[in-house]
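# Fold and contact review
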Amino acid sequence: MINEALIQEIESSSLPAALKIITDLYPGDVVFSSSLGQEDQVITDVIYKNDLPVKVFTIDTGRLFNETYELLERTTARYKKTMQIYFPESSDVEDFVVNKGINGFYESVENRKSCCFVRKVKPLNRALNGAKVWITGLRAEQSDNRKEMPMIEWSEERQLYKFNPLIRWSYDDMLDYLNKFNVPYSRLHDKGFISIGCAPCTRAIEPGEDARAGRWWWETSQKECGLHSATPVEHIRN
Ligand code: SF4
């Protein structure tokens, strides 16, 4: 059980120590969802280097950049670990394509959310099934709706703790870590891509633009795919 005292201890611990506290508390029941973004590569580095008992997984939507697959290969080669890969249900994808078109997500927010639900949210739900703690690489700076996120929160709907160990890290903190430990990262980051998702839905950003401005750039609504906003989450502590 995670209580206020433990939260304080975790918040004042280094990243490796914080992850160790969580895995000691819930051995075998901790999972980490990686999109292979820079933040996620930091966490992957800590988990793999310290041999922590965490299921590390990623979701292959079928529409990822080649650079993302190439990074996946480099990461598994570097750490000699296997990352679990979840795929969408083929029948869901077929239904979407038949009814909305191969790139139907450009036509409406509803279509886009439907595609994200089929290709991302449903595989995520399978990956989280049975877990007691879900580690994410979210940072508060990334977007307005992440600003108020606490480091640890309880999801009533999913019945698990969501642990955001980098929530207070700055972009520079993250870059410092990647450089210091020579952690592999996507070559797209060197071409102006900051937040990277599916290839047809991600573009590079201009200097001064919001970090997530390159995601679903044709939309003006909130830039979320539903992975972190679909379920109501009760904040244990703000
Ligand atoms: Fe579909 Fe684009 Fe969402 Fe990927 S990001 S699941 S291609 S709508």
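To keep things clear, this report deals only with the structure shown in the data block. (Residues numbered from 1 in each chain as written. Predicted model: local features only at pLDDT ≥ 70, side-chain atom pairs only at ≥ 80, totals over all residues. Heavy atoms only, no water.)

## Here's the deal with the pairing of strand 5 (residues 152-155)
Put simply, the rule reads: Buried means the residue's accessible area, taken with a 1.4 Å probe over protein chains only, is under 20% of the maximum for its type, while exposed means over 50%, and partly exposed covers the values in between. Helix and strand labels come from DSSP, where a helix needs a run of H or I of at least four residues and a strand needs a run of E of at least two; each type is numbered from the N terminus. When DSSP finds two or more bridges between two strands, those strands count as paired.
Of the two faces of strand 5, the one lined by I152 and W154 and the one lined by E153 and S155 are each fully buried. Bridge analysis of strand 5 against strand 6 (residues 160-163) gives four bridges, and the strand direction is antiparallel. In the strand pairing of strand 6, E153 is matched with K162. In textbook terms, the turn of a hairpin is the stretch between consecutive antiparallel strands, and for strand 5 and strand 6 this stretch comprises four residues, one of which, Q159, has a positive phi near 60°.

## Observations concerning the pattern of salt bridges
As a reminder, the rule being used: Whenever Lys or Arg places a side-chain nitrogen within 4 Å of a carboxyl oxygen from Asp or Glu, that contact is recorded as a salt bridge.
For the coordinates displayed, the defined rule picks out 13 salt bridges. We note a salt bridge from R139 to E39, for which the minimum N-O separation is 2.9 Å. Pair noted here: R139 is in the loop between strand 4 (133-135) and strand 5 and E39 is in helix 3 (residues 38-49), with a separation of 100 residues, a long-range link. The same class applies to R139 as to E39, namely buried. Connected via shared salt-bridge partners are E39, R139 and E141.

## What to know about the site of the ligand
What counts, and what does not: In these notes, residues near a molecule or strand are those with any non-hydrogen atom within 4 Å of it. Gly is placed with the polar residues, together with every amino acid not listed as nonpolar (Ala, Val, Leu, Ile, Met, Phe, Trp, Tyr, Cys and Pro) or charged (Asp, Glu, Lys and Arg).
Taken together, F105, R112, C115, C116, R119, K120, C198, C201 and W216 form the complete shell of residues around the ligand. When grouped by side-chain class, the residues that make up the shell around the ligand number six nonpolar, no polar and three charged.

## Focus: helix 7 (residues 171-180)
To keep things clear, this is the line we draw: What the arc covers is the set of directions going from the helix axis to the C-beta atoms. Working rule for contacts: check all heavy atoms of both residues, and any pair within 4.5 Å makes them a contact.
Within the span of helix 7, buried status applies to M174, Y177 and L178. Viewed end-on, helix 7 has its buried residues packed into an arc of 95°, placing them on one side of the element. Away from its buried face by more than 90 degrees, helix 7 exposes D176, N179 and K180. The secondary structure elements touched by the buried residues of helix 7 are helix 3.

## Thoughts on the packing of helix 5 (residues 90-100) against helix 6 (residues 109-128)
Note the following rule: All axes are obtained by fitting lines to C-alpha atoms, using only the stretch in contact for helices, and the reported angles, taken between N-to-C directions, cover 0 to 180 degrees. Here the word oblique covers every angle except those under 35 degrees (roughly parallel), over 145 (roughly antiparallel) and from 65 to 115 (roughly perpendicular). In this scheme, a crossing is called left-handed if the near helix is turned counterclockwise away from the far one by less than a right angle; it is called right-handed if the turn is clockwise.
Here helix 5 crosses helix 6 at 165°, and the two axes come no closer than 10 Å. Compared by their axis directions, helix 5 and helix 6 come out roughly antiparallel. Crossing hand, helix 5 versus helix 6: left-handed. For the pair formed by helix 5 and helix 6, the contact residues are D92, V93, F96, V97 and K100 on the first element and N111, S114, C115, V118, R119 and K122 on the second. Residue composition of the contact of helix 5 with helix 6, grouped by class: five nonpolar, two polar and four charged.

## Focus on the packing of aromatic side chains
For clarity, the cut-off: Pairing of aromatic rings covers Phe, Tyr and Trp, the last counted by its six-membered ring, and requires centre-to-centre distances within 6.5 Å; plane angles under 30 degrees mean stacked, over 60 mean edge-to-face, and any other angle means tilted. We call a charge positioned over a ring when the NZ of a Lys or the CZ of an Arg lies within 6 Å of the ring centre and within 35 degrees of the ring normal.
Evaluation of the coordinates by the stated rule reveals eleven aromatic pairs. Between Y48 and Y79, the aromatic rings sit 5.5 Å apart at their centres with planes inclined by 55°, giving tilted as the arrangement. Residue Y48 is found in helix 3, and its partner Y79 is found in helix 4 (residues 66-79); the two are separated by 31 residues along the sequence. The exposure class of Y79 is buried, given its relative accessible area of 11%. Ring centres of F57 and Y86 lie 5.5 Å apart, and the angle between their planes is 80°; on these two criteria the pair is classed as edge-to-face. Taken together, the residues F57 in strand 2 (residues 55-59) and Y86 in strand 3 (residues 84-86) connect sequence positions 29 residues apart. For the pair formed by F57 and Y86, the shared burial category is buried. An aromatic cluster is defined as three or more aromatic residues linked by ring pairs; in this entry it consists of F105, Y106, W217 and W218. In this arrangement the basic side chain of R112 is found over the ring face of W216, its NZ or CZ atom lying 4.3 Å from the centre. Against the face of W216 rests R215, its NZ or CZ located 4.8 Å from the ring centre.

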